[in-house]
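A look at the structure
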Amino acid sequence: MKSAARQTPDSSANGDGDAVPEESAIDEHSGTPESAETPAEQTIVFRAIQGDDPGPHPPDVGEPEAEAVPDGVDTETDEPAAAPEAASSEADEPEADASETDASETDASEADEPGGGDPEGDGTREDGPRETPAGRRRRELPLPEPVSAALTEALNQLRVAVKGLHFGLDVPGSDEARRAQAAVLAQLDDYVIPRVHMSTAPALIVVAGSTGAGKSTLVNTLAAQKVTATGVRRPTTATPVLACHPDDYEWYAMGDLLGGLARLDRGGTDGDATTGGATGPDGFLLVPTPRLPQDVALLDTPDIDSVVEEHHESAHRMLDVADLWMFVTTAARYADAPSWGLLRRAKERGARLVIVLSRVPAKSRDVIVKHFGRMLDEYGLGEVERFVINETVVRDGRLPEVEIAELRMWLAELSVDDQRRAAAVRATLNGVLNSFRIRLPALARHLETQVALRADLRSDVDAAYAGVLTEIDETTRNGSLLRGEVLARWQDFAGSGDLMRTLQLRRGGKSRQQGPERVPPLRSALRTALESMITSAAQRAAEDVVARWRQRAGAGDRLAATPGLGRHSEELVRRTAGAISAWQDHVTELIRTEGVTKRSVAKIISFDVESLALIFTVGLLGYGATDMTAAGAGTSSLPQRLLRGLLGAESLRGIGAKARSDLRARIGLLFDEEMLRYVDVLDNAGIPDEAAATRMYQATYNLEVAR
Amino acid sequence: MSAVSMAERQYGLGTRLAALSRIVELGQARVEPALLTEAAQLLLRAGDRMKLSPDHTVVALAGGTGSGKSSLFNAVSGLELSPIGVRRPTTARTHACVWGLDGAGPLLDWLQIQWRHRFARASALDKGESRLHGLILLDLPDHDSIRALTDPEAHRLIQAADLIVWVLDPQKYADASVHRRYVTDLAGHDAVTVFVLNQCDRLAPEEEAECVADLADLLRREGVADPQVVATSATTGKGIDDLKAVLAEAVAARRAAHQRLEADLDRLMLRIAADLPEIRHVEPTVDGVRRAGLTGALCDAVGVSALGEAMENVYGVRSIDWVGWPYARWAAKLRPDPAGTLRLGGVKEEIRGLVGSTVSAQPAEVDNAVLSLANGLSADMPEVWQRGVREAARSGPGRLTEALSRELAQVAPPLDRVPAWWWLLKIWQYLLVVMSVAGLAWGGSILAFGVFKLGRPPAQLLGDVAVLPWLGLMVISVLGLGLLSGVAGRNSVLLGAGRERDRLERDMRRRVGAITKDMVIEPVEREMRRYNEFFDAMATANR
C-alpha cells in the first residue's frame, strides 16, 4: 500500500491544484465498489472525520485541504491496493523500513519548521503531510523523564523478582501459583512495560467469549473484510487474529506490545485471510484492515470454554494484554458459568469492559435483554456499555451492517476521541497495576508456605532421629542391653572362673600370655547386641519420619511415598558393624594406655587388657542398675569395684566418660548418614529461596512508590 | 430376552458386586479411602436400583443450558409438560414423564423427583406408542450455568440414570463442561449413552452434515468407541422419530440398568487397579525354612546356645567344689590369690552368686528378627501391603519379648542347683580322705613305734612293721581311689552336663517355636491370606 501511495505524489506533484480533481475522482471511485466494500457513505464519513483531526503541529490555512489530499490519496490507494495484495505484502516490509526513515526525516523537518510548512518544495510537502498521520502516531509522547525512569526501574525489578520465584514442593495450590506466576510474567512483558512507555499507542480491544458466540463474525463485520475464518465447526478460532489499521501495522508488527508472541504471516494470496495451517496459540496473525478506524485494533481470540484447553489459556493471555475487553455472549449462553467467570475477572482487574449480546431472537429480545440487564446489575456491572445484536443470516462470514451500526459508531468515537481513549487505556493500566497489589503478595505468601513446609519436613527428620538417639542413650545406661545372649555369656565368663583368671600375679617376669578362652564369645555377643540395638533404632526412626511426613498433606504424602524411605538403608548394617568393632577397639586402647594402675597394684598384678575391656564395657552398659542380679546391687556393681580397685576411681571415671562420648559420637555419625537420604529427597523437590519472597514484597512496594 | 439369560446376567453382575463388597471390606487401610467410599456408594446405588422396578428404564436428558432439553422432552412425550423459556437458565427442577405408571412410584421416590413434576402417560391413549412402555423420561436442569455451580441436581441424576441422552446444539457441542466432566469419564458407557444434536433447523443441510461428522470425530477422539449421533430439531419435529426408536429399543431390551451398573463397575475397577500391580498370589503359609530361620534368630536373641554353654561350664566349675579331690582343692587354695591381694574381699562369693540369675530376651534383636521375616515374605507386595504385613508381625513385639523371657525362665535350670549324687560323692571323698588320714596315722605310728622304737605301741597292730607295706599299699590305693573317683566324678559331671545342655536347648527351642507360632506366624499368615483374598476378589470383580 505504501508503494502505491508513493507513486501518486509523482503523479500529483503539481500541488494543491490537483487536490480538487483528485477528490472528485475519488468520489467516483468510491461510488463503484470493487471488492465488496462498504457503501460509499462510509468512506465519506471517514474522510470528514479525518479532515477534522487536529495534529500536534498547528494547522495552516492551506493545511486542511492539503490534508484532504493525502487522505484522499490514501483512500484511493485502497482500491488498487485491494488487488495486488500479494505484491504489496512482500514489499511491505522494506517499504515499512523506508517509510519509517521517511517519517523520521519528516519529523526532523517538521521540528525544524514549527510554523508554516509551505517552503521546502511541493514534493516534500506532499510527502510531509501525507506521512505525518503515520509519523505523528509514531512520535511518542513520553511521560516526564524522572517518573518514567523510576517506574521503569521498579517494573524491571519486579520482573526479576517474579522470575526468580520457584515453586518446587507440591503444596496444595502450587500449580495455581505457577500458572499465576507465568501469567504475571507474560503480562509484564507483553503489556505493562510496553504500555507504560508508549501511552499514545493504539488501543487494543480484545474480543473474547464462549465458543460459537460469534466473535469472529463480529470482527469480520467490523473490519469489513474476512480477516478470520468462521464456520459451523466448534471450536473455530484457534489462532488469535489482530486486525488493525494499516498505519498502526508497524506498531503491532515491531513493537514490544505482545512481544512474547510470534507474528504470523497471512496464509492466503487472495483477499481472504485464513488462519492457514493450525498454528497454535503461541503466535497471532496480524492483518491490516483499512476499514477500521485508526488508533484502535481488534483482536479475535479463541474461546474460553471449549474442549481444547489451550484455547482458554490463549484467550486469557490475550485478555491480559488488552486495553479494553469486549465480551461477546449469546442469548443461549449468557448464564453460563465460564462466561460469568470472565466477567468476574474483568471486575477484579478493573479493566474497561464492553458487553455484546449477540444472536438474540427478535421476538424475545426484550425479555432477554431485561433479564440479562438485571443479572448484570445484581453483579455490580450495571454501568457497563451494552450492545445487542439480533439473530440474522451470516453472509460470507459477516453480519449485515444494520445490526452493528451502533457498535461501529462507538468504535469510531473511540478512535476519534483521543482523550476518551487515553482515559480508557489509563484506567485499564491502573487496574492491572492495582491488581498486582493483590496477586504478587499472594505469590510471595505461597512461596513462604513452601519455605515453611520444607522447614517442617526437615524438622520432622531431625526430631525423629533425635528422639531415637535419646532412647539409645537411656538404653545404654540402664542395663537393658544386658539380656539374652550377653547375659548368658557374661555368666559363663564369670562363673567359669575366667573372670578371676584375668588377674594374674606377676611371678618374677613370667606371666601367662594366653588370654582366657571365653573372651571372644562375650565380645561378639556384646557387639551383636549393640549392633542390633542401633539397627532397630534406625528402623524405628525411618518409620517415624515416614509416618510424620505422611501426615502432612500434599507434599509430605508424595515424598513419603518414595520407595525405600520407610526402612533403614542397606549399608547401615555394614557401617554399624564397622563402627561398633572400632569402638570396642577404642575402649581396649583406652584401658591399655590410660588405665593407669595404681603403683601398688601394678607391681604385683598384671592383667589381660582384652578381658578387662570387656568387664569395663559390661559395667558401662549399666550392669547392676536393673534388677538383673539376684544379690542386691549395693553401692556399686561388681565390675565397677573390680576396676576401681585396679585402676583407681578417678581414672575409671575418666575412661568411662570418654568411652561413652565416643560411642555417642559414632552413633550420631551413623544417623547423620541415614538422615542424608531424607535431606536428598527434600532437596530434589526443590529448595525454595527464602529471599525471593522479601524481594517480591520490596519490588511491589517500590512499584507503588514509583506510581 | 429370555428369563434365563437375564437371570444369568443379573447373576453375573451380582457376583461382581459381591466381590466388590469384599474388596471394600478387605481393602480398609490398603486402598485409597476415596475409592473405597465411591465403591461403597456404588454398591448402595446398585443394591437400590436392582431392588426397584426392573421393568422401567430411566432415561435422562442432559446437556447445557439452552440446548433444548425441555423442548425435546415435550416433543417426545407429545405434551407441553416442561416449560420452555428464553431466559437462561430455564429448568430448575427435574421433570419426569412415565410411560406405564405401575411400580414406578418407588423408583421416582428414589430419584427424588418432586410430586408436582411427575407426569404419567397412560399408554392407552396412543396406539403406536406402546413400544415406549416402561420408559421414565427425565428432563434435567443444566449443569453448566452459574446456578448449577451451587445446585448438584443434574450431577446427581446423571450418576443415577440408566441411559443418558446428551442434548447438544450447534453452538455448544464442543463445550468443555460436557466433554471434560462427563463424556471422557463415561467413555466406557457406550451402550448407555446417546448423543443428540438439537436445533438442526438453524443449520443448512450441508452444515448439518458437517457438524454431525465433526461431533462424531470429537467423540471418537475422546474414547467413545462407536458414537451414536442423532440430529434432531425440536421445533420442526425432525429426527424425533429416530430418537424415539432408539429409546424404544433400549426400553424393550430392559438391560439399560444393568449395563449402566456394569459400566460404572468397570470404570471403578479400572481406577482401583491403577494403583496396584498386576494381581499376584502369595503363599499363604510360612514355609518351614523361614520358620526355622525365625526360631533360630529368636533363640539367638534369647541366647539359648550361650545359656547351654554357660550352664555346662558353670556346672563343671562348681562341681569341682563338690566332687573334686579334696587334696587338689586345698592345694589350689594355697596359691596366692590376686583378688585377696587387691583386697576385693567378697568378690568371689559374689561371683558365685552371679550364676543364679534369670533368662531374658534382647528386645532389639527380637524386633530385627521379626522384621526380617516380614520383609522376606512381603518382598513382592505393594508398599501398602508390606506395611500391613510388618504391622501384623509386630503386633506383639513387647509381648513377645516378655513371653519369651517368662516361658524360658521356667525351663532354665537354676545354675546353683546341686544334684543329690554330688553329696554322695562328697561324702565318699571325705570318707576316703578320712581313711587315708587314718592309714597315714597308722603308718606313722608303726614307723614311730616299730621302726624307730620310740616306745611301746598301745596296740600290737600299731607297732607291727610287717603291716607297713600293706598299710602303704592301702594308703596308696585309697589315694588312688580318691583320685579316680574324683576324675570319674568330674567326667560324669561333664557328661551329665552335656546331656543336660542338649536337653535344655531342645526344650527351649521347642518353646520358642511354639511362642513364635502363636504370636508372629499366625498374624502374618492371616495377613497374607487377606492379601490373597483381596486379589481374588479383584479378579472376580474385574472379569
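Residues numbered from 1 in each chain as written. Chains lettered and ligands numbered in written order. Predicted model: local features only at pLDDT ≥ 70, side-chain atom pairs only at ≥ 80, totals over all residues. Heavy atoms only, no water.

Helices and strands together make up the secondary structure of chain B, namely 20 helices and 7 strands. When each of the 543 residues of chain B is scored for burial, the buried share is 51%. Across chain B, contacts joining residues at least 24 apart in sequence account for 80% of those joining residues at least 6 apart. (Helix = DSSP H or I, 4+ residues; strand = E, 2+ residues; numbered from the N terminus. Buried < 20%, exposed > 50% of the residue type's maximum accessible area, 1.4 Å probe, protein only. Contact = heavy atoms within 4.5 Å.)

Each partner contributes to the interface: chain A provides 72 residues, whereas chain B provides 68 residues. Here chain A packs against chain B, burying approximately 5,800 Å² in sum over the two surfaces, 57% of which is carbon and sulfur. Of all residues in chain A, the largest losses of buried area upon contact with chain B belong to Val232(A), Val307(A) and Gln491(A), amounting jointly to 12% of the total for that side. At the boundary of chain A and chain B, one finds 7 salt bridges. Across the pair Arg394(B) and Glu543(A) runs a salt bridge, and its minimum N-O distance is 2.7 Å. At the junction of chain A and chain B, the tally comes to 15 residue pairs in polar contact (both at pLDDT 80 or more). The element contributing the most residues to the side of chain A that touches chain B is helix α16 (residues 484-495) of chain A, with 11 residues. (Buried area = accessible area lost by both parts, 1.4 Å probe. Salt bridge = Lys/Arg side-chain N within 4 Å of Asp/Glu carboxyl O. Polar contact = N/O pair within 3.5 Å; in protein donor to acceptor, adjacent residues only side chain to side chain.)

Moving on: the packing of helix α18 (residues 519-551) of chain A against helix α20 (residues 571-594) of chain A. Relative orientation and spacing of two packed helices are given, respectively, by the angle between their axes and the distance between those axes. Residues and elements named next belong to chain A. Following both chains from N to C, one finds α18 and α20 inclined at 135°, their axes separated by 9 Å at the closest point. Relative to α20, the element α18 is oriented oblique. Crossing handedness for the pair α18 and α20: right-handed. Within the contact between the two elements, α18 uses Arg523, Leu526, Arg527, Leu530, Glu531, Ile534, Thr535 and Ala538 and α20 uses Leu572, Val573, Thr576, Ala577, Ile580, Ser581, Trp583, Gln584, Asp585 and Thr588. Classifying every residue of the contact of α18 with α20 gives 9 nonpolar, 5 polar and 4 charged. (Axes fitted to C-alpha atoms, helices over the stretch in contact; angles between N-to-C directions. Parallel < 35°, antiparallel > 145°, perpendicular 65-115°, else oblique. Left-handed = near helix turned anticlockwise from the far one by under 90°. Nonpolar A, V, L, I, M, F, W, Y, C, P; charged D, E, K, R; others polar.)

Another point: the side chain of His117(B). Tracing the backbone shows His117(B) in the loop between α4 (104-110) and β3 (118-121). When near neighbours in sequence (up to four residues on either side) are disregarded, His117(B) contacts Arg93(B), Thr94(B), His95(B) and Ala96(B).

Time to look at the sheet that holds β3(B). All names here are of chain B. Strand order across the open sheet formed by 7 strands is β3-β2-β4-β1-β5-β6-β7, with mixed pairing between neighbours. Lying at the two open borders of the sheet, with one neighbouring strand each, are β3 and β7 (229-231). The mean inter-strand angle of the sheet, taken between neighbouring strand axes irrespective of direction, is 20°. Note: strand β5 (residues 163-168) against strand β6 (residues 193-197), 5 bridges, orientation parallel. Of the residues in β6, the one forming a bridge with leucine 168 is leucine 197. (Pairing = 2+ DSSP bridges.)

On average, residues of chain B carry a pLDDT of 80, and 88% of them reach 70 or more. At the level of chain-chain contacts, confidence expressed as ipTM amounts to 0.74, with global pTM at 0.70. (pLDDT = per-residue confidence, 0-100.)

Let us now look at the pattern of salt bridges. Under the criterion given, the structure shown has 58 salt bridges over all chains. The salt bridge partner of Glu505(B) is Arg501(B), with a shortest N-O separation of 3.3 Å. Placement of both Glu505(B) and Arg501(B) in helix α20 (residues 467-542) is noted, with a separation of 4 residues, approximately one turn of the helix. Classification of Glu505(B) as buried rests on a relative accessible area of 15%. Here the salt bridges share partners, and the residues they tie into one network are Asp305(A), Arg333(A), Asp336(A), Asp144(B), Lys172(B) and Asp175(B).

Turning our eyes to something else, we now look at unusual backbone geometry. In most cases, non-glycine residues show a negative phi, while peptide bonds are predominantly trans. Residue and element names in this part refer to chain B. Within the chain, glutamine 112 stands out as a residue other than glycine whose phi angle is a positive 60°. Residue classification places glutamine 112 among the exposed residues on the basis of a relative accessible area of 53%. Of note, glutamine 199 is a non-glycine position whose phi angle comes to about 60°, a positive value.

Turning our attention to the environment of Leu703(A). Counting through the fold element by element, Leu703(A) comes out in helix α25 (residues 690-706). When the C-alpha positions of Leu703(A) and Ile615(A) are compared, they lie 74 Å apart, and in sequence the two are 88 residues distant.

Moving on: the UniProt feature "transmembrane region" (unreviewed entry) in chain B. All names here are of chain B. Here the UniProt-annotated "transmembrane region" (unreviewed entry) positions come out as residues 427-452 and 467-489. The span residues 427-452 shows a helical share of 96% and a strand share of 0%, and its end C-alpha atoms are spaced 35 Å apart. Between the C-alpha atoms that bound residues 467-489 the distance is 32 Å, and the span itself is 100% helix and 0% strand. (UniProt positions renumbered as here; feature names shortened; annotations may be inferred.)

This part is about the environment of Glu206(B). Residues and elements named next belong to chain B. Relative to the elements of secondary structure, glutamate 206 occurs in helix α7 (residues 205-221). Under the relative-accessibility criterion, glutamate 206 is labelled exposed at 56%. C-alpha separation for the pair glutamate 206 and valine 86, spaced 120 residues apart in sequence, amounts to 28 Å.

Let's shift gears to the nonpolar core. The nonpolar side chains of a soluble globular protein tend to be buried with one another. Residue and element names in this part refer to chain A. Core analysis: the largest hydrophobic core is formed by 69 residues, its most contacted members being Val192, Leu242, Leu353 and Phe436. Here phenylalanine 436 is in contact with Leu158, Val184, Gln187, Leu188, Val192, Pro441 and Leu703, once residues within four sequence places are set aside. Core analysis: the next-biggest nonpolar cluster, separate from the first, contains 68 residues, Ala464, Ala537, Leu565 and Ile667 among them. (Core = buried A, V, L, I, M, F, W, Y, C linked by side-chain atoms within 4.5 Å.)

Below, the discussion takes up the packing of helix α11 (residues 309-320) of chain A against helix α12 (residues 337-349) of chain A. Residue and element names in this part refer to chain A. The interhelical angle for the contact between α11 and α12, taken along N-to-C directions, is 25°, at an axis separation of 12 Å. When the axis of α11 is compared with that of α12, the two are roughly parallel. As α11 runs across α12, the sense of the crossing is right-handed. Between α11, through His316, Leu319 and Asp320, and α12, the contact on the second element is made entirely by Leu342, Arg345 and Arg349. Within the contact of α11 with α12, the residues separate by chemical class into 2 nonpolar, 1 polar and 3 charged.

Consecutive side chains along a regular strand alternate between the two faces of the sheet. All names here are of chain A. Sheet topology note: the strand β7 (residues 352-360)/strand β8 (residues 385-390) ladder contains 5 bridges and is parallel. In the sheet register, leucine 357 faces β8, and the bridge partner there is valine 388. Handedness of the β-α-β unit built from β7, helix α13 (residues 365-379) and β8 comes out right-handed. (Right-handed = clockwise from strand over helix to strand, strands pointing away.)

Residues and elements named next belong to chain B. Where burial is concerned, most of strand β2 (residues 95-99) is hidden: 5 out of the 5 residues are buried. Burial along β2 is two-sided: the face carrying His95, Cys97 and Trp99 and the face carrying Ala96 and Val98 are both buried. Pairing geometry for β2 and strand β4 (residues 135-139), over 4 bridges, is antiparallel. Along β4, the bridge assignment pairs alanine 96 with leucine 138. Pairing of β2 with β3 involves 4 bridges; the strand directions are parallel.

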